[in-house]
Amino acid sequence: MGIGLSLVPVVDFFAERRFRSAGLQPYTIPVDHETTVACWLSQAPKQPPSLPPLVLIHGFGPRSTWQWRCQVGPLSRHFSLIVPDLVFFDGSTSTSPLRSEAFQADALARLLEHLGLDDQPVSVVGTSYGGFVAYHLARALGPSRVDKVVIASSDLLKGEADDQALRNRGNVGSVAELLLPKEAEKVRTALNLAMYQPPRYIPDFVIRDMIQNLYKDKIEEKMELINGSTIGKENFELTPIPQDVLIIWGEHDQIFPLDKAHEVKRILGEKSEKVKLELMQKTGHMPQTEDPTRFNQILLDFLLNK
């Protein structure tokens, strides 16, 4: 007989409690006739922010409350937070056929307009896939709308050779097997690649629970997002942007290895004082949860001009 207990709602409860303790509340906002964005906000829509606005953009994997649960408390003391779920994650949906990172960035730009922030600059932080979206948002809106940009664990120069190397490290046939795992073995492989010190043991029933409750929602649309990614494709070229940029990278990242951090910095501005690179020791692809104290301090030092 299988164990019927699901731990996902328990983690949801504690993650959401951190958000509510930081003063955030959930909203669901139609940004146009096709797309609805679910988000957590420090202040109600259209209410002028009492602190500088900051957008936190999650990557593939669990919902935004899981990925940013260690950041919202410290950051909420200095910023009015906007934490969206990207389209086709958790409560965000769309009938649009578009699937690129530019599409995700456009949905967030429309969200900012609906929040009354179309004439006030915001700073953005994106991790992994969210870093792709953050870059597109900053490039599309320009420095008058997007102030500072943080790209965390995000290989903006990813190409087919990088995908093949990741497939080899994970011993899988496609990257999607790691991003949207259907088997316990693939979940364990993804965790081993993503974390510097992955859990030594996770019971099978916990992994089955994760697969059922975290990775099966909107799986067809998420596959289309993976296939629709423009990063590394011929129609995308990484170019410098005018904003101040901070790149954060875990030294033991096996999803996007460390050498790619230096390549991204070289393209965005090797000799420019506007582009900084911070490497985090003893962390992998998820430094915001592996060493949140250090990650948060790096963020605050950059965003607060220290």
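For the protein chain, the name recorded in an unreviewed UniProt entry is Alpha/beta-Hydrolases superfamily protein, with Rhynchospora pubera as its organism.

Draft legend 1. Looking closely at the overall build of the protein chain. If you tally the helices and strands in the protein chain, you get 13 helices and nine strands. In terms of overall size, the protein chain behaves like a compact globule, its C-alpha atoms giving a radius of gyration of 18 Å where 306 residues would be expected to give roughly 19 Å. Once the C-alpha set of the protein chain is aligned to its principal axes, its extents read approximately 55 × 40 × 40 Å. Residues counted as buried form 52% of the 306 residues belonging to the protein chain. Of the contacts formed within the protein chain by residues at least 6 apart in sequence, a portion of 74% connects residues at least 24 apart. Total accessible area on the protein chain is roughly 14,000 Å²; 51% of this is exposed by carbon and sulfur atoms. Treating the 33 positive side-chain charges of the protein chain as one cloud and the 38 negative ones as another, the clouds have centres 4 Å apart.

Draft legend 2. Fine view of the pairing of strand β4 (residues 80–84). For β4, the tally of buried residues reaches five of five residues, placing the bulk of the element in the interior. Side chains Ser80, Ile82 and Pro84 project from β4 onto one buried face, and the interleaved Leu81 and Val83 project onto a second face that is buried too. Summarising the sheet, strand β2 (residues 35–41) and β4 pair through three bridges and their orientation is antiparallel. Bridged to Cys39 within β4 is Pro84. In this structure, strand β3 (residues 53–57) lies alongside β4, joined through three bridges in parallel fashion. Bridged to Leu54 within β4 is Leu81.

Draft legend 3. Just the packing of aromatic side chains, in detail. One pass over the structure, following the stated rule, counts seven aromatic pairs. Ring geometry for Phe13 versus Phe14: centroids 5.2 Å apart, planes at 80°, classification edge-to-face. Judged by relative accessible area, which is 48%, Phe13 ranks as partly exposed. Plain terms: the ring middles of Phe132 and Phe256 are 6.3 Å apart, the flat faces sit at 40° to each other, and that makes the pair tilted. With Phe132 in helix α5 (residues 129–141) and Phe256 in the loop between β8 (245–250) and α11 (258–269), this residue pair connects regions lying 124 residues apart in the sequence. Note on Phe256: relative accessible area 8%, which makes it buried. A network of ring pairs unites the aromatic residues Phe60, Phe89, Tyr129, Phe132 and Phe256 as a single cluster. If you follow Lys148 out to its NZ or CZ, it ends over the ring of Phe302, 5.1 Å from the centre.

Draft legend 4. Highlighting helix α10 (residues 219–227). By the burial criterion, the buried members of α10 are Lys222, Leu225 and Ile226. All buried residues of α10 project into a common sector of 100° when viewed along the axis, lining one side. The exposed residues of α10 that point more than 90 degrees off its buried face are Glu220 and Asn227.

Draft legend 5. Region of the structure containing the packing of helix α8 (residues 184–194) against helix α9 (residues 204–215). Interhelical geometry of α8 versus α9 gives an angle of 90° and a closest axis separation of 9 Å. With respect to α9, the axis of α8 lies roughly perpendicular. Of α9, the residues touching α8 (which contributes Ala184, Val187 and Arg188) are Asp204, Ile207, Met210 and Ile211. Of the residues that constitute the contact of α8 with α9, the class distribution is five nonpolar, no polar and two charged.

Draft legend 6. View of the pattern of salt bridges. All told, the structure shown has 15 salt bridges when counted by the stated rule. The partner of Arg99 in a salt bridge is Glu224, with the nearest N and O atoms 2.7 Å apart. Taken as a pair, Arg99 in the loop between β5 (93–94) and α4 (101–114) and Glu224 in helix α10 lie far apart in primary sequence, 125 residues in all. According to the relative accessible area criterion, Glu224 is partly exposed, its value standing at 31%. Measuring nitrogen to oxygen at the nearest pair gives 2.5 Å for the salt bridge that ties Glu160 to Arg167. For Arg167, a relative accessible area of 14% puts it in the buried group. The structure contains a network of salt bridges with shared partners spanning Asp12, Arg63 and Asp90.

Draft legend 7. Summary view of the side chain of Lys265. Following the sequence through the fold, Lys265 ends up in helix α11. What Lys265 contacts, discounting residues up to four positions off in sequence, is Ile247, Glu270, Val275, Lys276 and Leu277.

The rules we used
- Residues numbered from 1 in each chain as written.
- Predicted model: local features only at pLDDT ≥ 70, side-chain atom pairs only at ≥ 80, totals over all residues.
- Heavy atoms only, no water.
- Helix = DSSP H or I, 4+ residues; strand = E, 2+ residues; numbered from the N terminus.
- Rg over C-alpha atoms; globule rule 2.2 N^0.38 Å.
- Buried < 20%, exposed > 50% of the residue type's maximum accessible area, 1.4 Å probe, protein only.
- Contact = heavy atoms within 4.5 Å.
- Areas by Shrake-Rupley, 256 points an atom, 1.4 Å probe, with all protein chains shown as cover.
- Lys, Arg positive; Asp, Glu negative; His and termini not counted.
- Charge placed at Lys NZ, Arg CZ, Asp CG, Glu CD.
- Pairing = 2+ DSSP bridges.
- Phe/Tyr/Trp six-rings, centres within 6.5 Å; stacked < 30°, edge-to-face > 60°.
- Lys NZ or Arg CZ within 6 Å of the ring centre and 35° of its normal.
- Arc of directions from axis to C-beta.
- Axes fitted to C-alpha atoms, helices over the stretch in contact; angles between N-to-C directions.
- Parallel < 35°, antiparallel > 145°, perpendicular 65-115°, else oblique.
- Nonpolar A, V, L, I, M, F, W, Y, C, P; charged D, E, K, R; others polar.
- Salt bridge = Lys/Arg side-chain N within 4 Å of Asp/Glu carboxyl O.

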